[in-house]
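# Working through the structure, step by step
If you want the building blocks of each chain, they are given just below.
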Amino acid sequence: MSEPVSAHEAEQIRSKLDDVAERVRAASEASKHVDRVQILLATKTQPASKIRVALEHGFTLIGENRVQELNEKFDDLADIPHETHLIGPLQRNKVNHTLGQASCIQSIDSMKLATKIHNRLELLDQTVEAFVQVNTSREDTKSGVAPEQLGELLTEIAPLERIRLRGLMTIGLPGSTEAEVRPSYADLRNLRDTHLDSGLLPEHATELSMGMSNDFELAIAEGATMVRIGSSVFGARA
Ligand SMILES: *Cc1c(COP(=O)(O)O)cnc(C)c1O
C-alpha cells in the first residue's frame, strides 16, 4: 500500500484537476484542428493513493512510463474502474509484463517490438490498442520512429491484426519555446493526415497523443486529441 494522502493534498489535486480540465476545454474550443480532447494523467513516481484521488474525482485514464511501476500499482488500483496506457519506452523483454495490465501501448516505434507484442497476443488470444511513437523533435536521444521511416513501419505493422492502432504519439521538445514546440506538433498532425490519405494509417486511427503540462494548449491548437498531464496536477516529481 502507498502512503496516505492528507485531506489538504487531496483537495489540491482535485482543484488542479478542475483547473486543467477547464484549460483543456477552453483550448479545444479555440482549436481549429480538434473538438474533443481526452486527458491522460501521467502518473510516473506518484503513489497509488494520489492516483486514486484523481480516479475518484472522475478521471479514468492514466499513463505509466515504466513497466515495473505499472505492475506495482496495478493491484492497489484494481478496485476502481480506469484504463492504463504505457507511455514510456517498452523493452522487448518486458512485453509479457505489460499486456494484460496496460490496455494501450503508446510507444511502438519498431517492427521488432510490434512483432514481439503480436506474438505474445497470439498466445494470449488477446488484442491491444496502440499508438506509433514518432520522434518529431529529431533528437537522437528521443525514442520514436523517424518521421521519414513512419510509412515503412506502418506498412509492416498493418498485417498485425491484434494490434489496434489508434493513431500517433510524440513527446516533442519539453521546456522549449512556442516557436520550437509548435512545429513538432504540427508535424505529427501532418504525418497523420498524409498517412490517412495514403491508407497506411487505418481510417479509424485518427488520434494524436501530444502535449504535456508545459505546452498542452499549444498541442491542442495543433490538433492533439489526447494530452498527457503530470506535474500540473500532482506537482513536481520527487
Ligand atoms: C512525464 C510524462 C508526461 C507528463 O509530463 P508533465 O510535464 O509532468 O506534465 C507526458 N508524457 C510522457 C511520455 C511523460 O513521460
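Report on the accompanying structure. Remember, it's a predicted structure, so these values are computed and weren't measured experimentally.

This next bit is on the overall build of the protein. Looking only at helices and strands, one finds nine helices and eight strands in the protein. Here the C-alpha atoms of the protein give a radius of gyration of 17 Å, agreeing with the 18 Å that 2.2 N^0.38 yields for 238 residues. Considering only C-alpha atoms, the protein reaches an extent of 50 × 45 × 30 Å along its principal axes. Split into buried and exposed, the 238 residues of the protein put 50% on the buried side. For the protein, the proportion of contacts with a sequence separation of at least 24, taken over those separated by at least 6, is 61%. Across the protein, the mean location of the 26 positive side-chain charges is 3 Å away from that of the 36 negative side-chain charges.

Remark: helix α1 (residues 7-30) packs on helix α2 (residues 48-56), axes separated minimally by 10 Å, with the N-to-C direction vectors making an angle of 50 degrees. By the angle between their directions, the pair α1 and α2 is classed as oblique. α2 is crossed by α1, and the crossing has right-handed handedness. Of α2, the residues touching α1 (which contributes Glu9, Ala10, Ile13, Arg14 and Leu17) are Lys50, Val53 and Ala54. Tallied by class, residues from the contact of α1 with α2 come to five nonpolar, no polar and three charged.

To continue, consider the site of the ligand. All residues in the neighbourhood of the ligand are listed as Ala42, Lys44, Asn65, Ile87, Ile171, Met212, Ser213, Arg228, Ile229, Gly230, Ser231 and Arg237. One of the side-chain N or O atoms of asparagine 65 is found 2.7 Å from an oxygen atom in the ligand. Between the ligand and serine 213 there is a distance of 2.5 Å, counted from an oxygen atom to a side-chain nitrogen or oxygen. When grouped by side-chain class, the residues that make up the shell around the ligand number five nonpolar, four polar and three charged.

What follows covers the pairing of strand β2 (residues 61-64). Consecutive side chains of a regular strand alternate in pointing toward one face of the sheet and then the other. What you see with β2 is no split at all: Leu61 and Gly63 on one side and Ile62 and Glu64 on the other are buried throughout. Where strand β1 (residues 38-42) meets β2, two bridges bridge the pair, whose relative direction is parallel. Within β2, the position partnered with alanine 42 by the bridge is glycine 63. The β-α-β motif built from β1, the intervening α2 and the parallel element β2 has right-handed crossover chirality. Sheet topology places β2 next to strand β3 (residues 83-86); four bridges connect them, and they run parallel. Paired with leucine 61 across the strands is glutamate 83, a residue of β3.

Here the focus is α2. Most of α2 is tucked away: seven of the nine residues are buried. Among the residues making up α2, those that are buried are Ala48, Ser49, Lys50, Ile51, Val53, Ala54 and Leu55. In this fold, the buried residues of α2 make contact with α1, β1, β2, α3 (67-74) and α9 (231-234). Trailing α2 by a residue or two, glycine 58 shows a phi angle of about 105 degrees, which is positive.

Thresholds, definitions, all that
Residues numbered from 1 in each chain as written. Predicted model: local features only at pLDDT ≥ 70, side-chain atom pairs only at ≥ 80, totals over all residues. Heavy atoms only, no water. Helix = DSSP H or I, 4+ residues; strand = E, 2+ residues; numbered from the N terminus. Rg over C-alpha atoms; globule rule 2.2 N^0.38 Å. Buried < 20%, exposed > 50% of the residue type's maximum accessible area, 1.4 Å probe, protein only. Contact = heavy atoms within 4.5 Å. Lys, Arg positive; Asp, Glu negative; His and termini not counted. Charge placed at Lys NZ, Arg CZ, Asp CG, Glu CD. Axes fitted to C-alpha atoms, helices over the stretch in contact; angles between N-to-C directions. Parallel < 35°, antiparallel > 145°, perpendicular 65-115°, else oblique. Left-handed = near helix turned anticlockwise from the far one by under 90°. Nonpolar A, V, L, I, M, F, W, Y, C, P; charged D, E, K, R; others polar. Near = heavy atom within 4 Å. Polar contact = N/O pair within 3.5 Å; in protein donor to acceptor, adjacent residues only side chain to side chain. Pairing = 2+ DSSP bridges. Right-handed = clockwise from strand over helix to strand, strands pointing away.

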